[in-house]
Structure formats: structure tokens, C-alpha cells
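What follows is the residue order along each chain.
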Amino acid sequence: MVFRMAKTLVIAEKSSVGRDLAGALDGPFQRRKLEDIKPKRGKKKAEETAEEVVEKATSKPKSRTARDEPVFLESDEYVITWAVGHLVQLAEPEEYDEKWKKWRMADLPIVPPNGFKLVPRDAKAKKQLKLIETLLKREDIDQVINACDAGREGELIFAYVYESVFGSSATSEKPPKPVERLWISSMTKQAIREGFEKLRPGPQMNSLELAARSRSEADWLVGMNATRAATIRGRAWVGGVVSLGRVQTPTLAMIVKREREIQAFVPEPYRLVHGTFQPPYQGIWFEGDETRIFGDLERADRIVAKVSGQDGTVEKVERKEQSERAPLLYDLTSLQRDANRRFGFSARRTLQAAQSLYEAKKAITYPRTSSRFLSGDMVPQLKPTAATLQPIADFRKAAEYVLALDQLPLQRVVNDAKVDDHHAIIPTDVDHDVAALTPDERRIFDLVARRFLAVFHPPARYARTTVITVVEEERFRTRGKITLEAGWRSVYGLEPDHERQSEDEEKEGGEIPALQEGQTVRCIAAEIEDKMTKPPPRYTEATLLSAMETAGKLIDDEELREAMKESGLGTPATRAETIETLIRREYIERVGRDLQATPKGIQVVTMLEEHKLTSPELTGDWEHKLADIERGRGDRQAFMNGIADFAKETVEQIAALDKEKLRPERVELGPCPRCGAVTGEIIRENSKAYGCTSWKSREETGCGFVIWKRVASRTLTPEIARQLIEERRTREVLSGFRSRNGKPFRARLVLNDEDKIEFEFPVRAQTKEPAATE
């Protein structure tokens, strides 16, 4: 009888993480294939070091067959494999019943009768799943460690793989092989080793798994049924599949609502009156809380004539000190917002850079977090973390300040009650080679490092002065702001606020002359500024992420925003992909840094109108219930029953829609530039193009002017077509195009002398970093 030492199977989420785990654990590890598991005669293969394993696993395979062959790593104690993301997914309807392959309203809603089936995602996933199954069923494997990403999605990836291998017994109280959970927030070797010393019992993660399954199944039920019903009812008018979803549809509805507000907005003229006084300072006229003069615009002329060259009195001088605390540490959403405001990064681009900093560079902690606080057990490593930033010139002064503190201010940094799965994003406590970072990684690391150092600095202190001056019974207000102590802002070099300031917002000046109440001053000049009211701004990714976080409620205060987190749209880990999904489906598009609803997106929301599926509050309530399930306080079955009822109600409401009401309005874009001056023909939208109305049929083609809606896999909106007709080029460089090879690119469209569309590619200076938008 041959004795075989028991081993532990470690299942990571991706190969790079598997290699990192091997590099941190005691080896040596061998790189093996499925065929190696079968015993072979011959010379025993020499064992490899962890470094050799990593080098071989990352080296370029000699052939396509070798590249596709699943591998795993093995030592005397551990066997390490990985899932390559989602290997398994919920089956399509036709897997349950062949009749569901055809889309018919009579078959809806579709609810799997005996629970959900799992199937491999594709052929490659099937191969990898076969490897994992073989390893799980090896006799010498007596324990399993779930090392997928420490979060709801990672829990689901492992749960689906385990269930695919062992069936219903995988979810029983006594699984076929005991499972423990690796839960870490940093990929440094020390963090990995500590994680393996503090493995969590598998049953402790049951609530998280139930929440993950509920989210996945709810998305299937709502998305599958709503999409099929909407497509059957509205395909002819919307064009193609009408994709709907639990999170994407209310997000789209918010963008469409804003677009409608912009389209319905009627600009209104108003005037401002500015006064210049001696001793030198300036003020703006006001009455009550209003500085703008509407309606009787000539009143501004009368005020100017009344006060110019006249003496006035300083009615009030109010001086007070104010302080501004440092912002909280970053979670993923706030990091994505800041990167969008400062650099124009999309949410996905920020997540990619942050994930690379976490996994590849080991420079920051786990980025897909929803917490902005640290746990109490992390306090001893805070100063060592600051010390790793000290050698970097950009952070040296701020790091030295933190290191010199006898006691760190932790009131707004440490809060165990607000740290669930993962703490806020901070730098790791290892040496950082910033020269090895890509430009995107460097910018994201800079944000994380500066925010980490800033929270330990004192508040910024300002002296704010407000002066009210009365001239001929007309009042002018002057505001000034002086920095008394830079505090945390010194970490950022006293840079100006990156928040967009409204043009109508009263601006604060710097130092105001020393004025006393009752002092006589002279209005040496008064002038009028003519302005127009502006529509609400379109969402940027920064403002959309904020709206998603609070389910559409406008909340600026950080503390109140924290309280709303569990009732937002989606999670920090999924919001970036939701935005990208809406762009891929051509429901919205990027216009510069703005996100704009397309006619297709507007038509989808118009079709649903006031249906609950467009309600951010309803989806936010679902997220709250999922969070309750995750904490063991919610009832999964009650939640799923509610989702099934909602899917049924959605199908019934969509089925009852009047098809005629779905007919889209076709825009008219003015005279035809080719023949309109002579014939009076115009450009009108149809399902495929914007063309001259002189076209009657294939035989009667008219002047032939046409702008096709689809150009290089991108749909052109009426506004883009209007710009091409009127200005012969688009005002912005547009994204979303794809070459014949499927590669994305950006370009400005130009209408040439023959009325054909050409691309004009943006010139990018060699010394500059990559363009900020995608």
C-alpha cells in the first residue's frame, strides 16, 4: 500500500493570482497539466522553484495547443488552480425547455421550474472546469481553499464551480470536501501568508454566497423576461434586441430624464450688475437671495446710472473663520469620480489601473471596496505605510509630517462598524517603484497615496469676509477668502477645487481691504453683464457614479452619502461595467467628458415610461435587501419570490403597450445641402439613414444625398448628422468606432467635397500621456 500525503486544493480567480499565491507559499511548486495527473513511468521530473514556476507560467507558449492547455501548480502541500473569471453561468431558457428557444410573449414570464441550471461559459471554460473537477475529485485532496476575489462576485464564481462538480451536495450542510476561505485585502507576500494563517471557515461565508446567488438569479429573471417582452413588442421601432436589466435600465432612465430636461429647456436672459469701489474692491448687486435680474432687464441700466460715481456706505462687515476637513479615504466609486473629474478617466479605465496596481504591482489594497474606513487592527501598520511613501519626492513632505505625529488622528479614519468585506483603498506597506508604473497607474496611485496622507493632516483653515455696501439704496455684496492654514490641502499643493463651479455661482475673491462698518466709499464704476440661463449639465461619469451611489438622490455631503450606500444602483465593482454596457448597446454615448442619451436609449425609456423598472428607488431597495441577505438578516426566498412577481408584472405591462405609441418620431434636419436651395427638399431621418426627401425609390433616387446611421460600427445621432450637414465636420472627437479588425478608435467625422464621410484622427503629441477619454 502506497501512502499519499493529503494536500489542499487552492482555487484562485485568475492565473496571475494563482502564481502570486505560489510565490508566497512554501514550495517548491511544479507546473503541471491534466495529463500529468495520470501516473507515468520514467525519470521523475525535477522540481521547480516558485520563481521558475512564475517565469514558465508567464512565458509565451510554443504553440496554440500549448497555450490552450489548462495547467496547475503543485507542491508537497498545495495544489493551486484558477477559474479564469466566470467559468460557469446560469443556463439560457432553451436549456430548460426547447420551446423557449423561440421568443413568444405567450411563454413569458420564464421562471425555471426546478431551480437554475449551470453551464460552462464557453469551450475554453469547459476545459478549465474539467481540470478543476479532476483536481477536486483527487483522492489525496482532503481540503479546499476558496481563494477567489474576496467579495460577492468572487464568492459566486467559486460557488458555481463547486456546485458544477458536486451538484446539490455542494450546497448541503456537509459538503463533499471541507472548504475554507482566503480573505485578503492586499496581494503582498506578507498579506497572503497572514491570510493563509487566518483562513475563514466555509460556512461563515454562506450568507455572502446566498446574496451573490440572489443577485445573479434576480438579474436573470428581470433581464431575460423584460428583454424578451420589450423586444417582441418594440423591435420594429427601437431596432434589434431591446436589452433591459435590473441596474442598467434605471441608470439609463436617469440619463434620459436629464436629456429630456435639456431638450425642453428654454434659455432666459438675465443681467448681473458689478460695482467697483474705492478703496479698491468689487461687489455684485443683490436683492434678497438673488443676484440676477430677470424680466425687466432695463432695471440693470437704471441701477448702473443710479450708483455710478456716487458715494456709499459700508453697511456690514462680517469676518469669520471656517475649517474644512480632509475628504474620507477612497472607496472604488469615489476614486472613479475623482479620476474622471481630474483626468477624464472612464470608470472602467480607473478600475483597470487600480486592479493592476493591486494585483500586478502590489502597490494598493483591494480596490473593489465600498468602505471608506479602516479597521482597528490596521492601526499599527499605518505609519509603516506612510514610511513607504517617504522616499518618493512628491509625497516626502506630507509623509514626514505624518511620521512625526505622536498620535495619529483616527476619528474619521478607523471605524470597524463601517468595514465589512474590505477596508478603504490605501497604499500597501511595501516599497513602491513608481518608475515601473504606467501613466494611468501612476495617476491612480498618486490619488490614493495623497488621500491616505491627507486624512492625517489637520483641517484647512480659512478667513471668510463678507462686506455689504449700500449705494443709493442699492446693495452690493463682496466676498473674500484667505487661507490661514493649508492643512490637508498642502498635500495637494493648494491646488484649486476640482469640482465644477457653476457660472452663476458667486465667486470669492482674495483679500479685501480693511473696511469698517459705517465707512464711506465711492462707486467709481458699475457695469452690466448680460447672461442666459443654462440647462442642467449632462452627466459625466463622475456625476453619474454619484447618482448611482445614491439611487438618483442629489446628496453632496459625504457622511449622508455613506448612509445611502446600501440602497444605490449596483455595487462599486459593477457600476463601471453598467456604464460600458449602456455604451455598447448604443443607449448612451460619450461626448467629450459627458454621457448623452442616444435616440435609441430615449426610445427604450419612452417605451417603458413610468414602469417600475426605470425607478432608481426600486433598484436601490433591491440592493438594500441583497445587503441584508449578505449579513444574514434577509430572507432569500422572499426576495426571489418578489423578483419573480415583478418579472410577471413587467411582462404583462409591456405586452399591453399600444404599438402605435411606440412609433419613434423621425427628426428633420433642415434643407438638403445638395439640392434644397433649388427644390426645397429637406433631410429627414429614416430607420437606416438621414437622407434627402427627393429619394422616392431605387428607380427615383433624387439627388442622392445621404448620411448613413452606422459608420464603423457606431450609430450617428441626429445631432452628429446635423453638425455634418451644417458645419461639414463634428465639433468633438468621437469614440465608439471600430476598425474592420474590431479595434476601437476615436476620430472626428468630416464631410468631404463629394458629401462622403471621412475620418480625421486626433494628433497626439509624443511627449504627452495617453488621451484621457476612451
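Fair warning: this is a prediction, and the values are worked out from it, not measured in the lab.

Undergrad: Tell me about the environment of G115, and please be specific about residues and values.
TA: Within the element layout of this structure, G115 appears in the loop between β5 (88-90) and β6 (118-120). Note: C-alpha distance between G115 and E217 (102 residues apart in sequence) is 9.7 Å.

Undergrad: Tell me what's going on with helix α4 (residues 123-136), and back it up with residues and numbers.
TA: Under the 1.5 Å per step criterion, the end-to-end length of α4 is 20 Å for 14 residues, consistent within 8% with the ideal 20 Å. The set of residues buried in α4 consists of A125, Q128, L129, L131, I132, L135 and L136. End-on view of α4: buried residues confined to an arc of 155°, all on one side of the axis. Across α4 from its buried face, at more than 90 degrees, point the exposed residues A123 and K126.

Undergrad: Give me unusual backbone geometry: which residues, what numbers.
TA: G27 connects to P28 through a cis peptide bond whose omega is -5°. Mapped onto the secondary structure, P28 falls in the loop between α1 (15-24) and β2 (30-33). For the peptide bond that leads from Q278 to P279, omega is 5°, which places it in the cis range. One can find P279 in the loop between β10 (269-278) and β11 (281-286). Within the chain, E473 stands out as a residue other than glycine whose phi angle is a positive 70°. On the secondary structure map, E473 appears in the loop between β13 (460-471) and β14 (474-485).

Undergrad: Before we move on, could you go through helix α19 (residues 616-630) and cite the residues and values that matter?
TA: The terminal C-alpha atoms of α19 lie 21 Å apart, and with 15 residues this matches the ideal 21 Å at 1.5 Å per residue to within 8%. Buried within α19 are the following residues: P616, T619, G620, W622, E623, L626, A627, D628 and I629. Count one or two residues on from α19 and you reach G632, which has phi positive near 80°.

Undergrad: Can you explain the side chain of K177? Please cite residues and give values.
TA: Position of K177 relative to the elements: it lies in the loop between α5 (152-166) and β8 (179-181). At 6.7 Å, D140 is the nearest oppositely charged side chain to K177, a buried residue that forms no salt bridge. Within polar-contact distance, the side chain of K177 engages the backbone oxygen of L136 at 2.6 Å. One polar contact links the side chain of K177 to the main-chain carbonyl oxygen of I141, over a distance of 2.7 Å. Leave out the neighbours within four places in its chain, and K177 touches L136, K137, R138, I141, V144 and Y162.

Undergrad: How would you explain the side chain of K362 if you had to name every residue and give the values?
TA: Relative to the assigned elements, K362 resides in the loop between α11 (347-359) and α12 (382-389). Note on K362: relative accessible area 18%, which makes it buried. Within polar-contact distance, the side chain of K362 engages the backbone oxygen of A360 at 3.4 Å. Excluding residues within four positions of it along the chain, K362 makes contact with D20, M187, T188, L357, T428 and V430.

Undergrad: Account for the packing of aromatic side chains, naming residues and giving values.
TA: Applying the stated rule across the entire model yields 19 aromatic pairs. Seen in terms of ring centroids, Y96 and W220 are 6.2 Å apart; in terms of plane orientation they differ by 75°. Their pairing is edge-to-face. On the criterion of sequence distance, the pair formed by Y96 in the loop between β5 and β6 and W220 in helix α7 (residues 206-238) is long-range, its members being 124 residues apart. Of the two residues examined, Y96 and W220, each falls in the buried class. On the numbers, 5.2 Å between centres and 85° between planes, the contact of F745 with F759 is edge-to-face. Here the residue F745 occupies a position in strand β25 (residues 744-751), and F759 occupies one in strand β26 (residues 757-760), the gap between them amounting to 14 residues. In this structure F759 comes out as partly exposed when scored by relative accessible area, which is 33%. Taking NZ or CZ as reference, R292 lies 5.6 Å from the ring centre of Y270, over its face.

Undergrad: Can you lay out the pairing of β13 for me, pointing to particular residues and giving the numbers?
TA: β13 sits mainly inside the fold: nine of its twelve residues count as buried. Two elements, strand β12 (residues 311-324) and β13, share eleven bridges in a ladder whose sense is antiparallel. If you follow T313 over to β13, its bridge partner there is V470. Across eleven bridges, the pairing between β13 and β14 is antiparallel. Of the residues in β14, the one forming a bridge with V467 is T478. What sits between β13 and β14 in their antiparallel hairpin is a turn of two residues, with E472 showing a positive phi close to 50°.

Undergrad: Requested: an account of the nonpolar core, with residues and values cited.
TA: L136, L244 and I579 are the most contacted members of the largest nonpolar core, which totals 82 residues. At ten residues, the largest contribution of residues to this core is made by α7. Not counting residues within four places of it along the chain, the set of residues in contact with L244 comprises G223, A226, T227, A230, T249, V604, L608, L613 and I654. Core analysis: the next-biggest nonpolar cluster, separate from the first, contains 67 residues, A326, Y330, F343 and Y366 among them.

Undergrad: Can you tell me about the packing of α11 against helix α14 (residues 439-454), naming the residues and giving the values?
TA: Orientation of α11 relative to α14, taken along the N-to-C sense of each, is 85°, at an axis distance of 9 Å. Between α11 and α14, the angle falls in the class roughly perpendicular. Touching R349, T350, A353, A354, S356 and L357 of α11 are D440, E441, I444 and F445, all from α14. Grouping the constituent residues of the contact of α11 with α14 by class yields five nonpolar, two polar and three charged.

Undergrad: Please set out the pairing of β2 residue by residue, giving values where relevant.
TA: On β2, burial follows the alternation: Q30 and R32 on one face are buried, whereas R31 and K33 on the facing-out side are not. Taken together, the four bridges between β2 and strand β3 (residues 71-74) define a ladder with antiparallel strand orientation. Following the sheet pairing, R32 is matched in β3 by F72.

Undergrad: I'd like to hear about the sheet that holds strand β24 (residues 734-738), residue by residue, with values.
TA: As a general point, the strands of a sheet are linked pairwise by backbone hydrogen bonds and lie either parallel or antiparallel. The strand order across the open sheet built from three strands is β24-β25-β26, with neighbouring strands paired in antiparallel fashion. The open sheet has two free edges, formed respectively by β24 and β26, since each of these has just one partner strand. The average angle at which neighbouring strand axes cross in this sheet is 65°, direction not considered. Sheet analysis places β24 next to β25, joined by three bridges and oriented antiparallel. Across the sheet, residue F737 finds its bridge partner in β25, namely F745. Each of β24, β25 and β26 is contacted by helix α22 (residues 718-727), which is oriented at about 45° to β25, the strand it contacts most.

Undergrad: Give a detailed account of the confidence of the model for the protein, specifying residues and quantitative values.
TA: Looking at the protein, pLDDT values average 87 and 89% of them are 70 or higher. The model gives residues 39-47 a pLDDT under 50, and that stretch makes eight contacts with residues more than four places away or in other chains. In this model, residues 765-774 is a region of pLDDT below 50 whose contacts with residues beyond four sequence positions or in other chains number 25 contacts.

Undergrad: Explain the pattern of salt bridges to me, and be specific about the residues and the numbers.
TA: Evaluated as defined, the whole model comprises 60 salt bridges. For R341, the salt bridge goes to D338, with nearest N and O atoms at 3.8 Å. With a gap of three residues between them, R341 and D338 both fall in helix α10 (residues 332-343), about one helical turn apart. Overall, the relative accessible area of 4% leaves D338 in the buried class.

Undergrad: Residue-level account of the packing of α12 against α14, with values.
TA: Running from N to C, α12 and α14 point in directions that differ by 130°, and their axes come no closer than 11 Å. The orientation of α12 relative to α14 falls into the category oblique. The interaxial crossing formed by α12 with α14 has left-handed handedness. Each of L382, T385, A386 and L389 in α12 lies in contact with α14, whose residues at this interface are F445, A449, F452 and L453. Class assignment for the residues of the contact of α12 with α14 results in seven nonpolar, one polar and no charged.

The rules we used
- Residues numbered from 1 in each chain as written.
- Predicted model: local features only at pLDDT ≥ 70, side-chain atom pairs only at ≥ 80, totals over all residues.
- Heavy atoms only, no water.
- Helix = DSSP H or I, 4+ residues; strand = E, 2+ residues; numbered from the N terminus.
- Expected span 1.5 Å × (residues − 1).
- Buried < 20%, exposed > 50% of the residue type's maximum accessible area, 1.4 Å probe, protein only.
- Arc of directions from axis to C-beta.
- Lys, Arg positive; Asp, Glu negative; His and termini not counted.
- Salt bridge = Lys/Arg side-chain N within 4 Å of Asp/Glu carboxyl O.
- Polar contact = N/O pair within 3.5 Å; in protein donor to acceptor, adjacent residues only side chain to side chain.
- Contact = heavy atoms within 4.5 Å.
- Phe/Tyr/Trp six-rings, centres within 6.5 Å; stacked < 30°, edge-to-face > 60°.
- Lys NZ or Arg CZ within 6 Å of the ring centre and 35° of its normal.
- Pairing = 2+ DSSP bridges.
- Core = buried A, V, L, I, M, F, W, Y, C linked by side-chain atoms within 4.5 Å.
- Axes fitted to C-alpha atoms, helices over the stretch in contact; angles between N-to-C directions.
- Parallel < 35°, antiparallel > 145°, perpendicular 65-115°, else oblique.
- Nonpolar A, V, L, I, M, F, W, Y, C, P; charged D, E, K, R; others polar.
- pLDDT = per-residue confidence, 0-100.
- Left-handed = near helix turned anticlockwise from the far one by under 90°.

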